[in-house]
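Coordinates in review
The lines below spell out each chain.
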Protein chains: 2
Amino acid sequence: MDLTALRTANPEHWAKAAAIRTLTLDAVAAANSGHSGMPMGMADVATVLFEKHLKFDAANPEWPDRDRFILSAGHGSMLIYSLLYLTGSEEITLDQIKNFRQWGSKTAGHPENFLAKGIETTTGPLGQGLANSVGFAIAEASLRANFGKQLVDHYTYVIAGDGCLMEGVSQEAIALAGRQELDRLVVFWDNNNITIDGTVDMADRTDQVARFKASGWHVQEIDGHDPQAIDEAITAAKKAGKPSMIACKTHIALGSSAQDTSKGHGALTDAQLIADAKAAYGAPAGAFEVPDEVKKAWESIGTRGAAEKAAWDERLAAASAGKRTRFERVIAGEAPKRFVATIRALKKQMAESQPKVATRKSSEMVLEVINPVMTETIGGSADLTGSNNTKTADLGIFDTDNRKGRYIHYGIREHGMAAAMNGMALHGGIRPYGGTFMCFTDYARPAMRLAALMKVPTVFVMTHDSIGLGEDGPTHQPVEHLAISRATPNTFVFRPADTVETAEAWEIALTQEATPSVLSLTRQGLPTVRGEYKPKNLTAQGAYVLAEAEGKRQAILIATGSEVSIALEAREALQAEGIGTRVVSMPCMELFAQQDEAYRKRVLPAGAVRVGIEAAVRQGWDRWLLGERGREAKADFVGMDSFGSSAPAEELFEKFGITAEAVVGKVKALLA
Amino acid sequence: MDLTALRTANPEHWAKAAAIRTLTLDAVAAANSGHSGMPMGMADVATVLFEKHLKFDAANPEWPDRDRFILSAGHGSMLIYSLLYLTGSEEITLDQIKNFRQWGSKTAGHPENFLAKGIETTTGPLGQGLANSVGFAIAEASLRANFGKQLVDHYTYVIAGDGCLMEGVSQEAIALAGRQELDRLVVFWDNNNITIDGTVDMADRTDQVARFKASGWHVQEIDGHDPQAIDEAITAAKKAGKPSMIACKTHIALGSSAQDTSKGHGALTDAQLIADAKAAYGAPAGAFEVPDEVKKAWESIGTRGAAEKAAWDERLAAASAGKRTRFERVIAGEAPKRFVATIRALKKQMAESQPKVATRKSSEMVLEVINPVMTETIGGSADLTGSNNTKTADLGIFDTDNRKGRYIHYGIREHGMAAAMNGMALHGGIRPYGGTFMCFTDYARPAMRLAALMKVPTVFVMTHDSIGLGEDGPTHQPVEHLAISRATPNTFVFRPADTVETAEAWEIALTQEATPSVLSLTRQGLPTVRGEYKPKNLTAQGAYVLAEAEGKRQAILIATGSEVSIALEAREALQAEGIGTRVVSMPCMELFAQQDEAYRKRVLPAGAVRVGIEAAVRQGWDRWLLGERGREAKADFVGMDSFGSSAPAEELFEKFGITAEAVVGKVKALLA
């Protein structure tokens, strides 16, 4: 491609965009890995966006009212690193660029939100950024409705590639954004027609413009290398009154010999290719060299928002004390003052009234008292509102005509819901929670992993958490899903036994700053096992002695959730036979693992036989049964080792042998 | 709604459709759970399809050339059970209908493919049936190209609901089917505008017709209660030359007081409602009562295909012996005769040449010899062909102009790929395998679980299986994914250490009848650790002694995949210090768990200290370290307890302490 026309038509623009391209080429070459072509193709769009539209102040990258820039096509990470460096990020320095993809650098292979400010979300798994962005836009709309546009008034811009649009989660995101008419959401589709295997055409011939239009989006098609067209399209998109998709026809690896090829998608490291491309750009030949005037021009883009930021600071200062305090609190992610007392009052009440309810209902009871106090929550469900018990009386429905509503009908879109919740949590000011059946953890899984990796405190409300779901059968009965979430680093998996533990689990989940929580809740009714009120959050210890052995301690039963009451029943039978039996409730293995050795030893001392009870696979349990002073010859497990079946719940527990009798039998066999 | 017009316009059709409706009402009422509304809404479409179009013979439900009927909206299971019972299924009897959703019945809450013939796939998790159907249609097209339309010439019909279309996987399926112009695929969209939470409109306003059209589908919109319109639409769809979507405007729970409501989606159990609905239908009032003439009419539909089946039998008998034998073999899922010898020859060659290659490359080397022999394989990748090494020289690309091609460019659609592969396996005649990065197990997860539940031998080729992936960083580095697949019942997870083990793993995977396999393969090069050729498949034992201790056995190192060579290196260092060290390679924990106690004890005897080594989380390992005669005080693990990071692979193994030195250190500490 002859670049002369592009260079000469808009020389200043061109020089700025070329800086992105050359930094990308040099960083990828230095790392000898990475993706050169995408930043080279989208440099023009990004340059116009940052120069003319994006509201940001490089000196204040955490300004709450900044526009968000989301690189959904995360493999093109050098695009965002270049932009951050060029505009004057304190964190993404030239040294960082030179250390692209190296140990300890902030310039990881894919953008990681926790490594540098200005990276709004972690991307790389395709489609996630786009799906996050729906949450960002919802958060903005909600906060704007609640705090006024003096404080909240910004856009979310996304760059998505062909891969993002092929991933199914993109459809969930597109349809949800279209339904909610999220008019502050602008998506640039990097329409370069290239994927790793070849041209897009090999795997897809979808008319993407028609597809977005079918879900109610405003759409435009432009030349992604024409700065004026880009500028005009963004201007139109901002006024569209709907989410807006701008299809940008671009050339991947523009101006290099790998342009418009799959090779151009990957790492271009050939010295001659790089030299030739730089020459074609009219850029300096030196590695990482950006002409002073170009760097200065970029830095002035980086300070362009400073005045606006200062004016915003003044508006915040001028806001009523109540509003300002509340705004600052929710942005900081701090719980309201009354939060702990509210939880305790409910625990006390529950310990007294001892309701027999399903923990999904317990969860609703907790939310009924929390939501009015913690007004930054946004709840929702993937079309199982009545089953997940996620909606409380005060919330109102978030909708086009009610942005103050705090409950979202996500539709049958577990993945899109989870990713949108991550986006809200990343945006700040919102505490998102959302529900589905625990078995459909599977659908939400890619976003659940990212919540853990990104260190955001999203709360996943997973009800119908075992064969206790009953007649819907094995497609709807989780058996391996507790193990799946427990295997994931930085994830709290709570399986509360009753309303008291459920309240404690919610207290922990809603005060996390950097850890997502999975609440594993029953469909079936459970007795209250914590009949004695204690202000202390026992769930925070992960496991604790719920019922002590009478007489000599010969057995320890360790159980979670719905199986705690089975353990108590078994204990009664065993004690009746003179077998001293302790019951340990273990609502959160991860928190128990974090306790010191002395506490763990108090809860799980050596000597007694141990039986673990959980209506799920054993994986993850051996640490507590065979480890922690346990021994193979003195430990057993009552749970599932196959998929479930379709039948009434009580019958399933009988048939699969998850009963007090089975527990008693195992204890006796171990003691024999 | 006044049903008079419908009843009188087509009384015979009406009576047949009414039988579906009343059986549904009665079965759900008897079970006191289930979903009444969908079968009531789609009874007309199903009746016309079965009466006029579906090629099947109730007496021969496994006839390979039958049309496939897939109920993607699986909660409406009484639709398929009614159809099977009415048309004369030997398995779905009236007793089964009466035992809907009860323990041991074939009429589970959601249709389970392994419970009765005629249930082509397990559905319930929404969107899966639709995504499977793409695989069914691919299988048909492939087999038709290979065996001729005398033997293979059938359609795949799907009923999908609003939930199926909201799930992201539907987009992957729709786009893939559109791209491949799968003209034997007909999808009925049950356009009833109702989901569990309320009207579809609450969560979605997508123009579904425009959306399908955007991906190249033929589309029609009809009144789903008008038998003539249904018939004409199916006729047109079959001739469309593209996949065809028929939007059927229907009334959920037609003719009951719950019609067109969310209540109608669920279990209608009110006796008066049922009585009123039956009266409105003009159907008998008795429970499970179907008028004789109606049952007979349905049974004659069930025998409608008998002549065609007989003619097909004759054509098969008349085919050349070679063709017939091959057809019968692939339909039976049997491996070709030369298969085992081919694997052995490769193993011998590899044991001799001892290549140092990544196991993803080993996998390619295996496929290069298998694919020409086992011509029923269909390979593919989710746009990572060059990285997954799934394509071999002989395959050719499956495309609109080359249905004999055996390699599919699935696009960036891990979920759709996995579900399509399941569909091919369910169809029969095909052995599907497909690749992506192991981290993206997450995207494919819902379909991977279903492969296990459905008992189909799909092969998931998961490369880049640890931090050994390197610079792409933690979004692309699996740490919990081995645990995830191992936690799933009926799944073989193979993590081979070299080319020999990789060949053995493929041998096992491709001879399974009812178990899917996950192949966990490295990006990075590995030495051959099985330098001595043995014809026996050692991987089939799950674990085996790779290197025996010299002198007194003081330590056992247990490792998988890329960490086996680290174990061997550690052993060398330990032996040099006089510490007798055994190395156990454990390529498949599930198969090892299936071995008898005596064998397991031979491999893992008591006494020695044990260290497990795997670049992944420990979850799942304690059984082998602390159990199986192990002890907490004498066991340790070298692996990951966090997400990975972005850096060159060698550096990551150093930084995360997965090295021979670390192993040596742990062994010595345990022995001290």
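Residues numbered from 1 in each chain as written. Chains lettered and ligands numbered in written order. Predicted model: local features only at pLDDT ≥ 70, side-chain atom pairs only at ≥ 80, totals over all residues. Heavy atoms only, no water.

Rotating chain B by 180° about the axis while translating it 0.0 Å along that axis superimposes it on chain A, leaving an RMSD of 0.0 Å. Both chain copies can therefore be described as sitting about a two-fold axis. Distance from the rotation axis, computed per C-alpha, reaches its smallest value in chain B at B:Gly168: 1.9 Å. In this assembly, 100% of the residues forming the interface of chain B have copies in chain A that are likewise at the interface, indicating an isologous arrangement. (Least-squares fit on C-alpha atoms with pLDDT ≥ 70 in both. Contact = heavy atoms within 4.5 Å.)

Bringing the nonpolar core into the picture now. The biggest cluster of nonpolar side chains holds 250 residues, and the ones touching the most others in it are A:Leu557 and B:Leu557. Setting aside anything within four residues of it in sequence, one finds B:Leu557 in contact with B:Ala567, B:Ala570, B:Arg571, B:Leu574, B:Thr581, B:Arg582, B:Val583, B:Val584, B:Val611, B:Ile613, B:Val663 and B:Val667. (Core = buried A, V, L, I, M, F, W, Y, C linked by side-chain atoms within 4.5 Å. Buried < 20%, exposed > 50% of the residue type's maximum accessible area, 1.4 Å probe, protein only.)

Let us now look at the pattern of salt bridges. One side chain can pair with another of opposite charge once the charged atoms of both are near each other. Per the counting criterion, the structure on display carries 78 salt bridges over all chains. The closest approach of N and O atoms between B:Glu181 and A:Arg205, which form a salt bridge, is 3.8 Å. You can see B:Glu181 sitting in the loop between α8 (168-180) and β3 (185-191) and its partner A:Arg205 sitting in the loop between β3 (185-191) and α9 (208-214), one on each of two chains. B:Glu181 gets classed as partly exposed once you look at its relative accessible area, which sits at 33%. We note a salt bridge from B:Arg486 to B:Glu614, for which the minimum N-O separation is 2.8 Å. Note that B:Arg486 is positioned in helix α21 (residues 481-487) and B:Glu614 in the loop between β17 (609-613) and α26 (622-625), a separation of 128 residues in sequence. Its relative accessible area of 0% is what places B:Glu614 among the buried residues. Overlapping salt bridges, with partners in common, bring together A:Glu597, A:Arg600, A:Arg623, A:Glu628 and A:Arg629 in one network. (Salt bridge = Lys/Arg side-chain N within 4 Å of Asp/Glu carboxyl O. Helix = DSSP H or I, 4+ residues; strand = E, 2+ residues; numbered from the N terminus.)

Let us look at the side chain of B:Glu167. Structurally, B:Glu167 can be placed in the loop between α7 (162-166) and α8. Beyond its immediate chain neighbours, meaning those up to four positions away, B:Glu167 contacts A:Glu172, A:Ile412, A:Arg413, A:Glu414, A:Tyr443, B:Leu126 and B:Gly127.

As recorded in UniProt, the feature "domain: Transketolase-like pyrimidine-binding" (unreviewed entry) lies at residues 357-528 of chain A. With 38% helix and 19% strand, residues 357-528 of chain A has end C-alpha atoms that lie 8 Å from one another. (UniProt positions renumbered as here; feature names shortened; annotations may be inferred.)

It is worth spelling out the UniProt feature "binding site: Mg(2+)" (unreviewed entry) in chain A at this point. All names here are of chain A. Per the UniProt record, "binding site: Mg(2+)" (unreviewed entry) is annotated on Asp-162, Asn-192 and Ile-194. In sequence the annotated residues extend across 33 residues, while in space they remain close, none of their C-alpha pairs exceeding 7.8 Å. With near-sequence residues (within four places) excluded, Asn-192 lies in contact with Asp-162, Lys-249, Thr-250 and Ile-252. Within the fold, Ile-194 resides in the loop between β3 and α9. What makes Ile-194 buried here is its relative accessible area of 7%. Contacts of Ile-194, omitting those with residues within four sequence positions, involve Asp-162, Thr-199, Val-200, Ile-252, Asp-260, Thr-261, Ser-262 and His-265.

A few words now on the pairing of strand β17 (residues 609-613) of chain A. Residues and elements named next belong to chain A. Burial analysis of β17 places five of its five residues in the buried class, which makes it a mostly covered element. Burial along β17 is two-sided: Val-609, Val-611 and Ile-613 facing one way and Arg-610 and Gly-612 facing the other are all buried. Sheet analysis places strand β15 (residues 553-559) next to β17, joined by five bridges and oriented parallel. Looking at the pairing, Ala-555 lines up with Val-609 of β17. By the bridge criterion, four bridges tie β17 to strand β18 (residues 635-638) in an arrangement that is parallel. Looking at the pairing, Ile-613 lines up with Val-638 of β18. (Pairing = 2+ DSSP bridges.)

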